[in-house]
Amino acid sequence: MNVSKEELIAHIQELKQEKVLWMVVLYQALLFVPALMKGIREGSDEVYYYGFHYLYFLPVLILGTIFFYSITKYLLKGNHKIVLYSAILLTWGVLMELLLLFPNDEERNMRFIGSTVLVLILAMAGAAAVGYTFLKIRRFRSDSFSFLLACVSILLYVLLYIFGVGPGGNPNPEAKTNLPFPVIGSIPVTEILKVTFLMVLVCLVCKQSRSKKEKRERLLLSAVYTACNMIGMLMINEMGSLLIILLVYIAMIVVYMQEARYSAMVIATGVSVLAAGIFIGTVMTHSVNKKISSQDLLSCF
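None of these values were measured; they are calculated from a predicted model. (Residues numbered from 1 in each chain as written. Predicted model: local features only at pLDDT ≥ 70, side-chain atom pairs only at ≥ 80, totals over all residues. Heavy atoms only, no water.)

### Things to note about unusual backbone geometry
Here Asn-237, not a glycine, exhibits a phi torsion of approximately 60 degrees, which is positive. Within the secondary structure layout, Asn-237 lies in the loop between helix H9 (212–235) and helix H10 (239–257). Using a relative accessible area of 35% as the deciding quantity, one classes Asn-237 as partly exposed. (Helix = DSSP H or I, 4+ residues; strand = E, 2+ residues; numbered from the N terminus. Buried < 20%, exposed > 50% of the residue type's maximum accessible area, 1.4 Å probe, protein only.)

Set out below in structure tokens:
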């Protein structure tokens with residue numbers, strides 16, 4: 001992967017012509033508008049506007065998108081479209097975290113922004129490190145290793161269902177996202193499960209040379225494994241991670257498998273699942289949770 005100075009300059013010149021990349025960057029920037037519109041809280045004395053804090057995250061998101069896009073396309077010669085899908089999903093997540101979790105407290109506001117930006121940078125650095133390791137060690141890409149990871153993930157779901165606690169280690173029957181440990185406290189296992197899901201999916205569908213029969217076998221295996229993960233997320237009541245898994249699976253299938261009929265079926269299934277979730281949530285709102293109205297559910301969707 002050694003790149004000369006001349007090649008680097010040529011890649012930068014080519015990067016300027018990447019219209020799809022700059023469209024995604026523009027989309028990331030335009031999300032500042034809904035951030036301003038939704039980032040409003042009414043206090044007892046005044047209205048507080050906090051959506052402008054999205055600008056703290058925007059440079060990290062844009063630079064990360066350009067960096068990973070360049071590495072994937074020009075150095076690895078890989079499918080760079082998945083980077084753009086990932087960038088869009090990550091930007092949505094950052095925006096939603098800002099709108100939902102912003103403390104609206106003078107003492108904690110900048111601490112929240114600083115810690116969230118730091119976590120975002122560390123996450124990108126971690127992704128680069130894991131990607132480098134994944135490429136360097138061939139064993140990580142073998143089918144036997146992916147099968148081992150799949151078995152470990154199913155075991156983790158069972159452990160979460162039996163022994164799981166809520167975020168922060170607090171008992172929470174509604175969301176069992178962490179596993180408690182005596183000395184170090186609780187570990188957010190759902191984050192490990194999402195990374196494991198992606199690694200297994202990469203091993204299943206991102207093979208360069210495969211026959212039509214092998215491709216269909218891998219499609220079936222990927223669908224079964226994704227269904228197992230979705231059932232596991234339902235068991236531990238982790239709806240946000242379930243949605244992420246579904247969106248990632250759709251993106252991976254559309255980009256890598258290039259099976260138009262199957263891709264359309266997967267997308268239709270995903271839309272049906274989301275629609276059913278909204279419908280069920282609307283119906284159950286009045287009997288289960290009085291704090292959220294059906295209007296809130298539809299507005300959030």
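Moving on, there is more to tell.
### Regarding the packing of helix H4 (residues 54–75) against helix H5 (residues 81–101)
For any two helices packed against each other, the geometry is given by the interaxial angle and the distance between the axes. Between H4 and H5, whose axes approach to 10 Å, the crossing angle comes to 165 degrees. Judged on the interaxial angle alone, H5 and H4 are roughly antiparallel. In the packing of H4 onto H5, the handedness of the crossing is right-handed. Mapping the contact onto sequence places Tyr-54, Phe-57, Leu-61, Thr-65, Phe-68, Tyr-69 and Thr-72 in H4 and Val-83, Leu-84, Ala-87, Leu-90, Thr-91, Val-94, Leu-95 and Leu-98 in H5. Of the residues in the contact of H4 with H5, the class split is twelve nonpolar, three polar and no charged. (Axes fitted to C-alpha atoms, helices over the stretch in contact; angles between N-to-C directions. Parallel < 35°, antiparallel > 145°, perpendicular 65-115°, else oblique. Left-handed = near helix turned anticlockwise from the far one by under 90°. Contact = heavy atoms within 4.5 Å. Nonpolar A, V, L, I, M, F, W, Y, C, P; charged D, E, K, R; others polar.)

### Describing the side chain of Thr-116
Summarising the element assignment, Thr-116 is placed in helix H6 (residues 109–136). Not counting residues within four places of it along the chain, the set of residues in contact with Thr-116 comprises Phe-57 and Glu-97.

### Concerning H5
Think of an α-helix as 3.6 residues a turn; residues three or four steps apart then line up on the same face. For H5, which comprises 21 residues, the first-to-last C-alpha distance of 30 Å matches the rise-based estimate of 30 Å (1.5 Å per residue) to within 8%. For H5, the full list of buried residues reads Ile-82, Val-83, Leu-84, Ala-87, Thr-91, Val-94, Leu-95, Leu-98 and Leu-99. (Expected span 1.5 Å × (residues − 1).)

### Quick word on the nonpolar core
If you look at soluble globular proteins, the nonpolar side chains tend to sit buried side by side. Ranked by internal contacts, the top residues of the largest apolar core, which has 65 residues, are Tyr-54 and Phe-57. With eleven residues, the single largest contributor to this core is H10. (Core = buried A, V, L, I, M, F, W, Y, C linked by side-chain atoms within 4.5 Å.)

### Let's talk about the packing of aromatic side chains
Per the counting criterion, the structure on display carries four aromatic pairs. Here the aromatic rings of Phe-67 and Phe-68 are separated by 5.2 Å at their centres, their planes lie at 80 degrees, and the arrangement is edge-to-face. Classification of Phe-68 by relative accessible area gives partly exposed; the value is 23%. With 5.8 Å between their ring centres and 15 degrees between their planes, Phe-197 and Tyr-225 make a pair best called stacked. Placement of Phe-197 in helix H8 (residues 189–205) and of Tyr-225 in helix H9 is noted, with a sequence separation of 28 residues between them. The burial state of Phe-197 is the same as that of Tyr-225; both residues are buried. (Phe/Tyr/Trp six-rings, centres within 6.5 Å; stacked < 30°, edge-to-face > 60°.)

### Quick notes on a nonpolar patch on the surface
Among the surface-exposed residues, Ile-154, Val-158, Tyr-161, Ile-162, Phe-163, Ile-231 and Met-235 lie close enough to one another that they form a single nonpolar patch of about 670 Å² accessible area. Those elements that place two or more of their residues in the nonpolar patch are helix H7 (143–163) and H9. Element by element, the count of residues in the nonpolar patch is highest for H7, at five residues. Its place among the elements puts Ile-231 in helix H9. (Patch = residues over 30% accessible without salt bridge, like charges linked within 9 Å, V, L, I, M, F, W, Y side chains within 5 Å. Areas by Shrake-Rupley, 256 points an atom, 1.4 Å probe, with all protein chains shown as cover. Salt bridge = Lys/Arg side-chain N within 4 Å of Asp/Glu carboxyl O.)

### Some thoughts on the pattern of salt bridges
Under the criterion given, the structure shown has four salt bridges. One salt bridge connects Glu-18 with Lys-73, and the closest N-O pair in it is separated by 2.5 Å. With a gap of 55 residues between them, Glu-18 in the loop between helix H1 (5–15) and helix H2 (19–30) and Lys-73 in helix H4 connect regions that are remote in the sequence. According to the relative accessible area criterion, Glu-18 is buried, its value standing at 12%. One salt bridge in this structure joins Glu-214 and Arg-218, with 3.1 Å as the shortest N-O distance. Within this pair, Glu-214 and its partner Arg-218 are both found in helix H9, separated by four residues, close to a single helical turn. A residue is classified by how much of its surface remains accessible, and Arg-218, at 8% relative accessible area, is buried.

Geometric descriptors of this kind do not, in isolation, establish any biological role.
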